[in-house]
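Given next are the chains, with one letter for each unit.
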Amino acid sequence: MKAGPSQEEIRRHNLGTLLRHVHIDGALSRAVLADRMGLNRSTILGLVSELTSAGLVREELPRDTGRAGRPSLVVRSEHDRAYVLAFDVGVDRLTAARVGLGGVFLDRRATPLSPGHRGVAEVTAVIADFAGQLTASARQGTVCVGVGAAVRGLVRGPDGLVRAAFHLGWEDEEFGADLTRRLDLGLPVAVGNEASLGALAEHLRGAGTGCQDLLYLHGDIGIGGGVISGGRLLGGDTGYGGEVGHLVVNPRGGRPCGCGARGCLEAEAGERALLEGARRDPSATGREAVRAVVEAADRGDIAARAALHDVGDWLGIGVASLVNVLNPRTVVFGGTLREVYLGSAAQIRSRVNTHALTPSRENLRLRVGELGDDAALVGAAELAFSRILDGPLEALAPTGAAPQPQAGR
């Protein structure tokens, strides 16, 4: 007969669970924590005391209770005792942040990536430089407990191998391992696809908060997707799940896609299709270029209106197919698709109403993302926080507090 978990394993699990609650949901009373975790108040008191001694949480009076009488203390995460480093490798921009418990951004850096500086060696060099700056700015006594990175490409989950990042020109690059060695923090770098991490972020801290089944669609040069199913990020067998941009929606005479196929969703509803249809320079990609087309359509520009209609048409067909397969409660449009949705919501909804099964769309909500350009960065941070949320006290042990890298290392 298999032995059950030991008392130490149960304690470790409960410490992580309590810390996760206050990390995600903010200040909570002991009573709420006891109710959520199914534990008595004396056990909760003991857990809170341990986490307080470690400097990970504190108890304080609630803010603006609006109630008469003495309010109960609430437990709140300490933002700057333990932090993670998060990186978002975009097609034309690299963003880095030092993020504290509770998802608080403590410091950040960003730089454009020119076409000649998107190779893995160049990108990891910039990240290492930013990591040195970010750790150097942390106050003495704080601990880096994790590192996460978001990449626009097919990422093999277990080891961070980037099988293909079409818009960066990467193929079978050991990005996670290379970055782990380059940073030399004594911590493995967790790497994920940017849309999947965007889905995680919007689920935990954005438009999908409280929703257990969510589809997130992210637009930049291409279209990526992330799926939350039953409250968990759906990664597939080896982490390649969610590549909805390569769902074929127009197999006959469709536009060529960077993946080698024709008629993919990102080819028909991506930035380039919109800009070309609106007779704009297709090389001038980005949120501002997309927003300019949407604004021109609002002013009556015929070409912009037609382009937005066509892109919305294909996007709606793709969403309808995904709704039939995944049955999400909420679909969130992020990146440049936020602007596209705002400009063609009627067209997208019309296609969903026509092509999605009635039971699957009865309770469906279509929303725009709330985290803006930070969605993938927030998701990378949450990926990095996994270690301390699984074992709070172990993550603060000396083996987790490796020497800090120097700038430019």
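The following paragraphs examine the structure supplied in this document. In this text the structure is predicted, and so the values were computed from the model without any measurement. (Residues numbered from 1 in each chain as written. Predicted model: local features only at pLDDT ≥ 70, side-chain atom pairs only at ≥ 80, totals over all residues. Heavy atoms only, no water.)

**Examining the sheet that holds strand S3 (residues 74-77)**
By way of backbone hydrogen bonds, the strands of a sheet pair with one another, either parallel or antiparallel.
Thinking step 1. Taken in spatial order, the three strands make up an open sheet running S1-S3-S2, and their pairing is antiparallel. At either end of the open sheet lies a strand with only one pairing partner, and these are strand S1 (28-29) and strand S2 (57-60).
Thinking step 2. Bridging between S1 and S3 involves two bridges; their strand directions are antiparallel. Bridged to Leu28 within S3 is Val75. (Pairing = 2+ DSSP bridges. Helix = DSSP H or I, 4+ residues; strand = E, 2+ residues; numbered from the N terminus.)

**What about the packing of aromatic side chains?**
To describe a pair of aromatic rings, one takes the distance between the centres and the angle between the planes.
Thinking step 1. Across all of its chains, the model carries two aromatic pairs by this definition.
Thinking step 2. Centre to centre, the rings of Trp170 and Phe175 are 5.3 Å apart; their planes meet at 45°, and the pair counts as tilted.
Thinking step 3. In this structure Trp170 comes out as buried when scored by relative accessible area, which is 4%.
Thinking step 4. Relative to Tyr341, the ring of Phe333 lies with its centre 4.6 Å away and its plane at 10°, an arrangement referred to as stacked. In this structure, Phe333 and Tyr341 share a single accessibility class: buried. (Phe/Tyr/Trp six-rings, centres within 6.5 Å; stacked < 30°, edge-to-face > 60°. Buried < 20%, exposed > 50% of the residue type's maximum accessible area, 1.4 Å probe, protein only.)

**Quick look at unusual backbone geometry**
Thinking step 1. Residue Arg279 is not a glycine yet carries a positive backbone phi of 60°.
Thinking step 2. Tracing the backbone through its elements, the reader meets Arg279 in the loop between helix H8 (271-277) and helix H9 (287-298).
Thinking step 3. Note on Arg279: relative accessible area 73%, which makes it exposed.
Thinking step 4. The backbone phi angle of Asn327 is positive, close to 50°, even though this residue is not glycine.
Thinking step 5. With respect to the helices and strands, Asn327 occurs in the loop between helix H10 (302-326) and strand S15 (330-335).

**Considerations on the sheet that holds strand S8 (residues 154-156)**
Thinking step 1. Taken in spatial order, the three strands make up an open sheet running S8-S9-S10, and their pairing is antiparallel. Only two strands of the sheet have a single neighbouring strand rather than two, namely S8 and strand S10 (170-173). Taken pair by pair, the neighbouring strands of this sheet meet at an average axis angle of 15°, ignoring direction.
Thinking step 2. Of the strand pairs in this sheet, S8 and strand S9 (residues 161-165) are connected by three bridges, and their pairing is antiparallel. Across the sheet, the residue bridging to Leu154 is Ala164, located in S9. (Axes fitted to C-alpha atoms, helices over the stretch in contact; angles between N-to-C directions.)

**Remarks on helix H5 (residues 175-183)**
Thinking step 1. For H5, the set of buried residues is Phe175, Gly176, Leu179 and Leu183. Considered in projection along H5, the buried side chains sweep an arc of 95° and stay on one side of the axis.
Thinking step 2. Lining the buried residues of H5 we find strand S4 (82-89), helix H4 (120-136), strand S7 (143-151), S9, S10 and strand S11 (189-193).
Thinking step 3. Backbone geometry just after H5 places Asp184 at a positive phi near 55°. (Arc of directions from axis to C-beta. Contact = heavy atoms within 4.5 Å.)

**A word on the layout of surface pockets**
Empty space among the atoms becomes visible once a probe the size of a water molecule is rolled across them.
Thinking step 1. In this model, the largest pocket occupies a volume close to 970 Å³.
Thinking step 2. In terms of lining residues, the largest pocket is bounded by 36 residues, among which Leu200, Leu233, Glu382, Leu383 and Ser386 are the most central.
Thinking step 3. Contributing elements (two or more residues each) for the lining of the largest pocket: helix H1 (7-25), S11, helix H6 (194-205), strand S14 (232-233), helix H13 (375-384) and helix H14 (386-390).
Thinking step 4. Of the residues contributing to the lining of the largest pocket, the split by class is 15 nonpolar, 15 polar and six charged.
Thinking step 5. As for the second largest pocket, its lining consists of 25 residues, and the residues nearest its centre are Asp92, Arg93, Arg152, Asp220 and Asp373.
Thinking step 6. Ranked by the residues each element gives to the lining of the second largest pocket, the list is headed by H13, at three residues.
Thinking step 7. In terms of residue class, the lining of the second largest pocket is made up of six nonpolar, eight polar and 11 charged. (1 Å grid on protein atoms, 1.4 Å probe; cavity = no way out; pocket = protein on both sides within 12 Å on 5 of 7 lines; lining within 4 Å. Points joined across faces, edges and corners; volume = space filled by probe spheres on them. Nonpolar A, V, L, I, M, F, W, Y, C, P; charged D, E, K, R; others polar.)

**Points about the packing of H6 against H13**
Thinking step 1. Relative orientation of the contacting elements H6 and H13 amounts to 80°, with a least axis distance of 7 Å. Considering their axes alone, H6 and H13 lie roughly perpendicular with respect to each other. Between H6, through Glu194, Leu197, Gly198, Leu200, Ala201, Glu202, Leu204 and Arg205, and H13, the contact on the second element is made entirely by Ala375, Ala376, Val378, Gly379, Ala380, Glu382 and Leu383. (Parallel < 35°, antiparallel > 145°, perpendicular 65-115°, else oblique.)

**Examining the pairing of strand S5 (residues 93-100)**
Thinking step 1. Of all eight residues in S5, seven are buried, a share of seventy percent or more.
Thinking step 2. Pairing geometry for S4 and S5, over seven bridges, is antiparallel. Note that in S5 the partner of Val89 across the bridge is Leu94.
Thinking step 3. What sits between S4 and S5 in their antiparallel hairpin is a turn of three residues.
Thinking step 4. Alignment of S5 against strand S6 (residues 104-112), held across eight bridges, turns out to be antiparallel. Within S6, the residue paired with Arg98 across the bridge is Asp107.
Thinking step 5. A loop of three residues connects S5 with S6, the two strands running antiparallel in sequence, and Gly102 in this loop sits at a positive phi of about 90°.

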